[in-house]
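Results of the structural survey
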Amino acid sequence: MSARPLLIAPSILSADFGRLADEVRAITVGGADYVHVDVMDGHFVPNLTIGPPVIRAVRAATHLPLDVHLMIEQADRWIDEYADAGADLICVHAEACPHLHRTIQAIRSRGKRAAVALNPATPAGAVDYVLDQLAMVLVMSVNPGFGGQAFIDGVLPKITALRQEADRRGLVLDIEVDGGVKVDNIDVITRAGANVIVSGSGIFATKDYGQTIAELRRRGEAARA
């Protein structure tokens, strides 16, 4: 399996939006590697969240890279907006982008790292022909739209298949997992081949964010050893 570093990306979908800047600063001080930002449009997924103005506010609150996950239709129209707002990594859904290669090129043309997300029922092969253009593949381990859902165990073979294919091609590829990730299941996720871990309620519903991030990292690393 790949020796890519293990990175923890708290999802602010589960943060207290009334004190969002403080929440972002808390995970920054607590040892997070990325800030994961879920953008939902009420069309591609059944929820509405945030847009570029909130991304700008998060950008101002942390030095950490912003991992912006666009769960939206017509993502091409919004690449420049999110790039300008401060996204470092922009992730689009394979299922929502009919011209996926073009979308990836648009992200990269702005100097941003490109990622593609796969819903639970979408096979790993959906990114076969663009894998060498990506910094990361995001494997959704819940059906996207709402936080606090239970992890879908059936995605584990997909994580492993993606890691094995990336290694076979000699690609430097991060594999991220988002949905239902907590301290008690991170071991099976990292053992499968993931190295970027998104956790929302698994971090923000705990009393000590730093302690939880450290425990996620400890258990995740131990499972990869």
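Everything in this summary refers to the structure shown in the same document. (Residues numbered from 1 in each chain as written. Predicted model: local features only at pLDDT ≥ 70, side-chain atom pairs only at ≥ 80, totals over all residues. Heavy atoms only, no water.)

Some points on the pattern of salt bridges
Basically, it comes down to this: Salt bridges are defined as contacts in which a side-chain nitrogen from Lys or Arg sits within 4 Å of a carboxyl oxygen from Asp or Glu. The numbering of helices and of strands both runs from the N terminus, where a helix is a DSSP run of H or I of at least 4 residues and a strand a run of E of at least 2. Exposure categories follow from relative accessible area, calculated using a 1.4 Å probe and restricted to protein chains: below 20% of the type maximum is buried, above 50% is exposed, and the middle band is partly exposed.
This model, assessed by the stated rule, comprises 15 salt bridges. Between Asp33 and Arg217 there is a salt bridge; the shortest N-O distance is 2.9 Å. With a gap of 184 residues between them, Asp33 in the loop between helix H1 (20–29) and strand S2 (35–40) and Arg217 in helix H8 (residues 209–224) connect regions that are remote in the sequence. With a shortest N-O distance of 2.8 Å, Arg219 and Glu215 are connected by a salt bridge. Of the two residues, Arg219 and Glu215 both sit in helix H8, four residues apart, roughly one turn of that helix. Here Arg219 falls in the partly exposed class, since its relative accessible area comes to 34%. Owing to a relative accessible area of 22%, Glu215 belongs among the partly exposed residues under this scheme.

Section: unusual backbone geometry
Phi is mostly negative for residues that are not glycine, and the peptide bonds are mostly trans. The residue Gln74 is not glycine, and still its phi comes out positive at about 50°. The exposure class of Gln74 is partly exposed, given its relative accessible area of 46%.

Let's talk about the layout of surface pockets
Convention followed: With a 1 Å grid laid over protein atoms only, a set of points is called a cavity when a 1.4 Å probe fits there but cannot get out and a pocket when it is open yet has protein on both sides within 12 Å along at least five of seven lines; lining residues have an atom within 4 Å of a point. Grid points are joined across faces, edges and corners, and a volume is the space filled by probe spheres set on the points.
By volume, the largest pocket is sized at about 230 Å³. As for the largest pocket, its lining consists of 24 residues, and the residues nearest its centre are Gly147, Gly148, Asp178, Gly179 and Gly180. Among the secondary structure elements, those contributing two or more residues to the lining of the largest pocket are S2, strand S8 (196–199) and helix H7 (201–204).

Quick look at the sheet that holds strand S1 (residues 7–10)
Rules: Should DSSP find at least two bridges between two strands, the strands are regarded as paired. Each axis is a line fitted through C-alpha atoms, taken for helices only over the stretch in contact, and angles between the N-to-C directions span 0 to 180 degrees.
Across the sheet, which stays open at both edges, the eight strands sit in the order S1-S8-S7-S6-S5-S4-S3-S2 with parallel pairing between neighbours. Of all strands in the sheet, those with a lone pairing partner are S1 and S2, marking the two edges. Pairwise comparison of adjacent strand axes, ignoring direction, gives a mean angle of 25° for this sheet. As defined by bridge partners, strand S6 (residues 136–140) adjoins strand S7 (residues 174–178) across five bridges and the pair is classed as parallel. Each residue of the ladder has a partner; that of Val137, found in S7, is Ile175.

Some thoughts on the pairing of S8
What you see with S8 is no split at all: Val196 and Val198 on one side and Ile197 and Ser199 on the other are buried throughout. Of the strand pairs in this sheet, S1 and S8 are connected by four bridges, and their pairing is parallel. Within S8, the position partnered with Leu7 by the bridge is Val196. Note that S7 and S8 share three bridges and pair parallel. In the strand pairing of S8, Val177 is matched with Ile197.

Re the environment of Asp132
Rules: The criterion used for residue contact is that any of the two residues' heavy atoms lie within 4.5 Å.
With respect to the helices and strands, the residue Asp132 is situated in the loop between strand S5 (113–118) and S6. Distance in space between the C-alpha atoms of Asp132 and Asp41 is 28 Å, their sequence separation being 91 residues. Those residues in contact with Asp132 that lie beyond four places of it in its chain are Arg108, Arg169 and Leu171.

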